[in-house]
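Observations on the model geometry
For reference, the chains in residue letters:
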Amino acid sequence: MGRDDVAAARRPRWAWFIAAALAEVAWLAVLAWLAWRG
Amino acid sequence: VRIALTDVPLWAALLPVAGYLVAVGCLHLRRRPVALSGHVDVTFLALGIAGMVIAGPLALLQPGAGTSVWTTVVLLLGFAVIVAGALLAARPRMVIYNVGLDQLRPVVASVAASLDPTARWAGETAALPARGLQVHLDDRGSARTVSVIAAGKTSAEAWAEFSRRLRRAIRTVRVRRSPWAWAFLAAGAGVAGMAAWLAVASG
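Anyway, here's the lowdown on the structure attached to this text.

Analysis parameters
- Residues numbered from 1 in each chain as written.
- Chains lettered and ligands numbered in written order.
- Predicted model: local features only at pLDDT ≥ 70, side-chain atom pairs only at ≥ 80, totals over all residues.
- Heavy atoms only, no water.
- Contact = heavy atoms within 4.5 Å.
- Buried area = accessible area lost by both parts, 1.4 Å probe.
- Salt bridge = Lys/Arg side-chain N within 4 Å of Asp/Glu carboxyl O.
- Polar contact = N/O pair within 3.5 Å; in protein donor to acceptor, adjacent residues only side chain to side chain.
- Helix = DSSP H or I, 4+ residues; strand = E, 2+ residues; numbered from the N terminus.
- Nonpolar A, V, L, I, M, F, W, Y, C, P; charged D, E, K, R; others polar.
- Patch = residues over 30% accessible without salt bridge, like charges linked within 9 Å, V, L, I, M, F, W, Y side chains within 5 Å.
- Areas by Shrake-Rupley, 256 points an atom, 1.4 Å probe, with all protein chains shown as cover.
- Axes fitted to C-alpha atoms, helices over the stretch in contact; angles between N-to-C directions.
- Parallel < 35°, antiparallel > 145°, perpendicular 65-115°, else oblique.

1. Focus on the interface of chain B and chain A
The interface is formed by 22 residues belonging to chain B together with 15 residues belonging to chain A. Buried area between chain B and chain A, summed over both chains or domains, comes out near 1,500 Å², and the portion from carbon and sulfur atoms is 70%. The interface formed by chain B and chain A includes zero salt bridges. Linking chain B to chain A there are one residue pair in polar contact (both at pLDDT 80 or more). A per-element tally of the side of chain B that touches chain A places helix H2 (residues 38-65) of chain B first, with six residues. When its residues are assigned to classes, the side of chain B that touches chain A shows 15 nonpolar, one polar and six charged.

Laid out in structure tokens, this is it:
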């Protein structure tokens, strides 16, 4: 394994998905606030 | 508390679309292919279009259902249920971004041979009779994205093992940047720019 492969293996694969899910929840909260404000 | 989905501004609904396009552009910019399971791929697409769904069909349904918070939650859950149903009904699939069929096929062939020495090919489909698995490489010409789809009757364990090994094998492949990256990034920037313009014009 090269250096890149070691770094890729160490990086948690789920970090991206969790980040995307958090961004989506934050965006939904903003959307709900905008819809509530009218 | 009342939440009227018809009041969701279009600029806010467009933001996830821009994010999705930029994310796909970034996948095409990488020098190694990215393998996503079909479920993850469809989930990201559903999250990307969620804003358009909320501002469109769900806002259209809401007057009949009322503007209570829980009505809004149930409408959102209805969309989630449709997406979940589509995911469950879909064939097991792996989507590999930024790879050509000519580069992917030898990788799939070596994974198939390691799982079942009696594996044989017909066109772009490999049959692994000892494992109860057939995989088909679905290539969209010059799109540089290939789907590996389980065809026919599929053993769930065999597919799990195959996709695990394919994911590992694909890490060794190096590719050049896909020219599609710039098209996706430009489209993402265009949608983001339109959202910004709408926000400024309406604000």
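2. With respect to a nonpolar patch on the surface
A cluster of nonpolar residues, Leu10(B), Leu45(B), Ile49(B) and Met52(B), forms a patch on the protein surface that exposes about 330 Å² of accessible area. No other element matches the three residues that H2(B) contributes to the nonpolar patch.

3. Things to note about the packing of helix H2 (residues 14-37) of chain A against H2(B)
At their nearest, the axes of H2(A) and H2(B) sit 12 Å apart, and the two run at 10° to each other. As the angle between them shows, H2(A) and H2(B) are arranged roughly parallel. Mapping the contact onto sequence places Phe17(A), Ala20(A), Glu24(A), Trp27(A), Leu28(A) and Leu31(A) in H2(A) and Val40(B), Phe44(B), Leu47(B), Ala50(B), Gly51(B) and Ile54(B) in H2(B). When the residues that make up the contact of H2(A) with H2(B) are grouped by side-chain class, the tally is 10 nonpolar, one polar and one charged.

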